[in-house]
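Summary of the model geometry
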Amino acid sequence: MKTNGFWKYLERESKPRKGLMPAEWVMMAYSAVTLLLLLFLSTKIINHHAMLWGRVQAVTMVIALWIVYRIYPCRVTILFRVLLQLALLSWWYPDTYEFNRLFPNLDHIFASWEQQMFGLQPALLFSQTISSNVFSELMHLGYASYYIMIVGVPMYYFVYQYKDFERMVFVFLTAFFAYYVIYILVPVTGPQYYYLAAGIDNIEKGIFPNVHDYFLTHQEALPSPGYTDGMFYQFVLSAHNAGERPTAAFPSSHVGIATIFIIYAWLTRSRRLFLSLLPLYVLLCFSTVYIRAHYVIDVLGGWLTAVLFFVVLHNLYGVKK
């Protein structure tokens, strides 16, 4: 007999799955590939022992929660497995810096492309052109909403669209790891780091020096522009101080993942979810440039890769099923 309300989440599954979820296999694959890279570069990577131990811990936790699910297979134990993957994203992110700082920085190329496209640096001038406190808070609200989306959208699907829950989780988590692979191989830090390393005077003159391996030993960033006493400004600042690194600028995963969420909200005809996300999504796309986290090129890259990842991964999951 079907149970209703909260108890349906604790109802034992009649046909529990035996193996890992597709999203968990993706994490395992990413862990294995980066482990090989870690072993190959172990003599150059500063924190290779911590990175190795972190992978052991991550795999152990995935297996442990799989065992918990096998003991009591239900929606709640499935949710715990997904929440673990979401929590691990914050650990995998700075991990990309440990790899890409070994490679020559490419920001001078991206800043030059930006200059050729627009005749200026939008990330430098945006906050100077519109400097009101209210606008600053809106921009930082948009950027902060990304962290809410990462948890909020999966939870919405878990509660209201459970039949699509695992597919959506597979697509957006796999996209995350695809972005992380790009960040390892394409070392671009974004304006907040590069402008400081290159010198604001040079940037204002349209001069974009090659900083080579500067970020091998430097992690300093320009302070975010805007209303420093604002609540959302302080939230973004706290998030930055907690785990930001000079990495992961191109393409913007903030824009990419949020775009995937918007596409899913539209395709599943969830009016409530779509209308809730849309204004935050628009603010987010602008805010990444406003706070100097990204070049406009990164935003464009986020849109393009999001559509590509969605089409490939959504259909790939459908074939597998």
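Structure first, text after, so check above.
Attention in this report is confined to the structure presented alongside it. Fair warning: this is a prediction, and the values are worked out from it, not measured in the lab.

Right, let's talk about the pattern of salt bridges for a bit. Summed over the entire model, instances satisfying the criterion amount to six salt bridges. The shortest N-O distance in the salt bridge between Glu166 and Arg17 comes to 2.1 Å. Note that Glu166 is positioned in helix 7 (residues 162–185) and Arg17 in the segment before helix 1 (22–40), a separation of 149 residues in sequence. By relative accessible area, Arg17 is classed as partly exposed at 26%. A salt bridge links Asp164 to Lys163, with the nearest nitrogen and oxygen atoms 3.1 Å apart. When its relative accessible area of 18% is taken as the criterion, Asp164 is described as buried. One continuous salt-bridge network, built from bridges that share partners, spans Glu13, Arg17 and Glu166.

Let us now look at the packing of aromatic side chains. Two aromatic rings, taken as a pair, are described by how far apart their centres are and by the angle between their planes. Under the counting rule described, the total for this entry stands at 34 aromatic pairs. Ring geometry for Tyr156 versus Tyr157: centroids 6.2 Å apart, planes at 75 degrees, classification edge-to-face. Classification of Tyr157 as buried rests on a relative accessible area of 0%. Centre to centre, the rings of Tyr179 and Tyr183 are 6.3 Å apart; their planes meet at 15 degrees, and the pair counts as stacked.

Further remarks concern unusual backbone geometry. A cis amide bond links Phe250 with the next residue in sequence, Pro251, at an omega value of -15 degrees. By secondary structure assignment, the location of Pro251 is in the loop between helix 10 (231–243) and helix 11 (253–267). Look at His212: it is not a glycine, yet its phi comes out positive at around 55 degrees. Structurally, His212 can be placed in the loop between helix 9 (200–204) and helix 10.

Attention now goes to a nonpolar patch on the surface. Nonpolar side chains collect at one region of the surface, where Met117, Phe118, Leu120, Leu125, Leu300 and Trp303 lie side by side and expose about 500 Å² of accessible area between them. Elements with a minimum of two residues in the nonpolar patch: helix 4 (107–118) and helix 13 (296–320). Secondary-structure assignment places Phe118 in helix 4. The exposure class assigned to Phe118 is partly exposed, which follows from its relative accessible area of 37%.

Rules behind the numbers
Residues numbered from 1 in each chain as written. Predicted model: local features only at pLDDT ≥ 70, side-chain atom pairs only at ≥ 80, totals over all residues. Heavy atoms only, no water. Salt bridge = Lys/Arg side-chain N within 4 Å of Asp/Glu carboxyl O. Helix = DSSP H or I, 4+ residues; strand = E, 2+ residues; numbered from the N terminus. Buried < 20%, exposed > 50% of the residue type's maximum accessible area, 1.4 Å probe, protein only. Phe/Tyr/Trp six-rings, centres within 6.5 Å; stacked < 30°, edge-to-face > 60°. Patch = residues over 30% accessible without salt bridge, like charges linked within 9 Å, V, L, I, M, F, W, Y side chains within 5 Å. Areas by Shrake-Rupley, 256 points an atom, 1.4 Å probe, with all protein chains shown as cover.

All quantities given are derived from atomic positions and should not be read as evidence of function.
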